[in-house]
Amino acid sequence: MERNILDVIIVSYNVAHLLEDCLGSLLSEKGVDVVITVVDNNSCDGTVAMVREKFPQVNLVASRKNLGFSAANNLALKGSRSKYALLLNPDTKVLPGAVKKMVDYMEANGEVGALGPKLLNPDGSLQYSARTFPSLTTQFLESTYLFRIFPQSRFFGQHFMSYWDHGQEKKVDWVSGAALMVRREAIEKTGLLDEGFFMYSEEVDWCYRIKRAGYEVVYFPQAEIIHYDARSSEDEARRLEMVLSGRYRFFARHYPSWQGLFLRLLVLGGLVIRIIFCAGASLLPLKGRERFRKKLHSFVQVFLWHGEARG
């Protein structure tokens, strides 16, 4: 296998302890030579000092501001020359052999432009990391919680693909950016990540463009990576605003404008349902009513954010 066949790019923000474990697991991989680049988004938890002290073999880019996920990855991708690039979250732990298995699969399957491993929760349970592209139907199912009520239904569980065995290799629409390997040729044809996505939905957009360029996107469960899902967002409301911003941008880029309008109506309808439910639950003498009050505050904030964003 040629040297430097793979660039691993990790964008980090205030998760120094998790990043340390991630780099340790990555450097323990055997059978594949990698170039590792950490792009730190102006962390204030000692991330930069930790990487410099404990991992001098890692390329470090210390940004003076939080560039977001797309722009920070693009900084490293622009200097990447390897045959493949692996975007890897800092809150992951690479299980033995995972990276080599992914590279070997890409080497044997030239039609595959993007590859995602099986992501596991810390307790070993499955994370749904392979999904269909968002649509008005999937948004309706999400807004009404029907996807959670009937997860084994092919219709209701279509977005998270919760109806099929995730132990099987499968061609899918997109895979999570927490661990996403992309072929250099596919990047050259489709371009880098869209920096209009600050965080969330950028990998959806990338996989969409990769598929339109004629490549396959594959979910590859033979490679396993633990994902702790340590969110760097400031709070739940801010995180949901970023999720929705990314989704609105994806619809605006790839779907007719009328679908974008209906998407917002579905989202607002879902928020109203959540606000009513949480308001009622917070008034009842329930053990967890304080949690419902916090959720109520978040949902109201996101609802009002729509008016501010439109303005």
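Anything mentioned here points back to the structure above.
A few points on the structure. Model, not experiment: these values are computed from the prediction.

**Observations concerning the overall build of the protein**
Piece 1. Secondary structure assignment for the protein yields eleven helices and twelve strands.
Piece 2. Taking 311 residues into account, the globule formula puts the C-alpha radius of gyration at 19 Å, and the protein, at 20 Å, falls close to it.
Piece 3. Overall, the C-alpha framework of the protein stretches about 60 × 40 × 40 Å when taken along its three principal axes.
Piece 4. Across the 311 residues of the protein, 52% fall into the buried class.
Piece 5. Partitioning the contacts of the protein with sequence separation of at least 6, the portion at a separation of at least 24 is 77%.
Piece 6. Carbon and sulfur atoms make up 53% of the accessible area of the protein, which amounts to about 15000 Å² in all.
Piece 7. Distance between charge centres in the protein, computed from 39 positive and 34 negative side chains, equals 4 Å.

**Considering empty space enclosed by the protein**
Piece 1. Enumeration over the complete set of coordinates arrives at one cavity of 30 Å³ or more.
Piece 2. Here the largest cavity is characterised by a volume of approximately 30 Å³.
Piece 3. Surrounding the largest cavity, Thr138, Leu141, Glu142, Phe147, Phe156, His159 and Phe160 form its lining.
Piece 4. For the lining of the largest cavity, the element with the highest residue contribution is helix H5 (residues 136–143), accounting for three residues.

**A few points about the pattern of salt bridges**
Should the charged atoms of two oppositely charged side chains come close, the side chains can pair.
Piece 1. Within the structure shown, the criterion is met by 13 salt bridges.
Piece 2. The partner of Glu107 in a salt bridge is Lys83, and the shortest N-O contact between them spans 2.8 Å. Of this pair, Glu107 sits in helix H4 (residues 98–108) while Lys83 is found in the loop between helix H3 (69–78) and strand E4 (84–88), placing the two residues 24 residues apart along the sequence.
Piece 3. Here Glu107 falls in the partly exposed class, since its relative accessible area comes to 37%.
Piece 4. On the basis of relative accessibility, which here comes to 34%, the residue Lys83 falls in the partly exposed class.
Piece 5. For Glu236, the salt bridge identified is with Arg239, shortest N-O distance 2.9 Å. Highlighted residues: Glu236 and Arg239, both in helix H9 (residues 236–254), separated by three residues, approximately one helical turn.
Piece 6. On the accessibility criterion, Glu236 (37% relative accessible area) is partly exposed.
Piece 7. For Arg239, a relative accessible area of 15% gives the class buried.
Piece 8. Salt bridges here are not isolated pairs; linked through shared partners, they connect Asp194, Asp205, Arg209, Arg249 and Arg253.

**Observations concerning the side chain of Thr190**
Piece 1. Within the secondary structure layout, Thr190 lies in helix H7 (residues 184–190).
Piece 2. Reaching out from Thr190, the side chain makes a polar contact with the backbone oxygen of Ala186 at a distance of 2.7 Å.
Piece 3. The contacts of Thr190, once residues within four sequence positions are left out, are Trp206, Arg209, Ile210 and Ala213.

**Examining the packing of aromatic side chains**
Piece 1. Within this structure, the stated rule accounts for twelve aromatic pairs.
Piece 2. Taken together, a centroid distance of 5.0 Å and an interplanar angle of 65° make the contact between Phe133 and Tyr208 edge-to-face. Residue Phe133 is located in the loop between strand E8 (130–131) and H5, and its partner Tyr208 is located in helix H8 (residues 202–212); the two are separated by 75 residues in the primary sequence. Tyr208 shares its class with Phe133; the two are buried.
Piece 3. Ring plane angle 25° and centroid distance 6.2 Å describe the contact between Phe133 and Phe250, whose orientation is recorded as stacked. Residue Phe133 is found in the loop between E8 and H5, and its partner Phe250 is found in helix H9; the two are separated by 117 residues along the sequence.
Piece 4. By relative accessible area, which is 13% here, Phe133 ends up buried.
Piece 5. For Phe250, a relative accessible area of 1% puts it in the buried group.
Piece 6. Clustering of aromatic rings is evident, with ring pairs tying together Phe133, Tyr208, Phe250, Phe251 and Tyr255.
Piece 7. Of note, Arg249 hangs over the ring of Phe197, and the distance from its end group to the ring centre comes to 5.5 Å.
Piece 8. Over the ring of Phe292 we find Arg291; its NZ or CZ atom is 4.8 Å from the centre of that ring.

**Details of unusual backbone geometry**
Piece 1. Even without a glycine there, the phi angle at Asn42 is positive, about 60°.
Piece 2. With respect to the element layout, Asn42 can be found in the loop between strand E2 (34–40) and helix H2 (47–54).
Piece 3. A positive phi angle is found at Met161, which is not glycine, with a value near 50°.
Piece 4. Examined against the element boundaries, Met161 turns out to sit in the loop between helix H6 (146–149) and strand E9 (170–171).

**Brief notes about H4**
Piece 1. Taken together, the buried positions of H4 are occupied by Ala98, Val99, Met102, Val103, Tyr105 and Met106. Down the axis of H4, the buried side of the element spans an arc of 160°, and every buried residue falls inside it.

**Things to note about a nonpolar patch on the surface**
Piece 1. Residues Val272, Ile276, Val300, Phe303 and Leu304 make up a contiguous nonpolar surface patch of roughly 420 Å² in combined accessible area.
Piece 2. At the level of secondary structure, the elements contributing two or more residues to the nonpolar patch comprise helix H10 (257–283) and helix H11 (289–310).
Piece 3. In terms of residue count, H11 provides more of the nonpolar patch than any other element does, three residues in total.
Piece 4. By the secondary structure assignment, Phe303 is in helix H11.

What counts and how
- Residues numbered from 1 in each chain as written.
- Predicted model: local features only at pLDDT ≥ 70, side-chain atom pairs only at ≥ 80, totals over all residues.
- Heavy atoms only, no water.
- Helix = DSSP H or I, 4+ residues; strand = E, 2+ residues; numbered from the N terminus.
- Rg over C-alpha atoms; globule rule 2.2 N^0.38 Å.
- Buried < 20%, exposed > 50% of the residue type's maximum accessible area, 1.4 Å probe, protein only.
- Contact = heavy atoms within 4.5 Å.
- Areas by Shrake-Rupley, 256 points an atom, 1.4 Å probe, with all protein chains shown as cover.
- Lys, Arg positive; Asp, Glu negative; His and termini not counted.
- Charge placed at Lys NZ, Arg CZ, Asp CG, Glu CD.
- 1 Å grid on protein atoms, 1.4 Å probe; cavity = no way out; pocket = protein on both sides within 12 Å on 5 of 7 lines; lining within 4 Å.
- Points joined across faces, edges and corners; volume = space filled by probe spheres on them.
- Salt bridge = Lys/Arg side-chain N within 4 Å of Asp/Glu carboxyl O.
- Polar contact = N/O pair within 3.5 Å; in protein donor to acceptor, adjacent residues only side chain to side chain.
- Phe/Tyr/Trp six-rings, centres within 6.5 Å; stacked < 30°, edge-to-face > 60°.
- Lys NZ or Arg CZ within 6 Å of the ring centre and 35° of its normal.
- Arc of directions from axis to C-beta.
- Patch = residues over 30% accessible without salt bridge, like charges linked within 9 Å, V, L, I, M, F, W, Y side chains within 5 Å.

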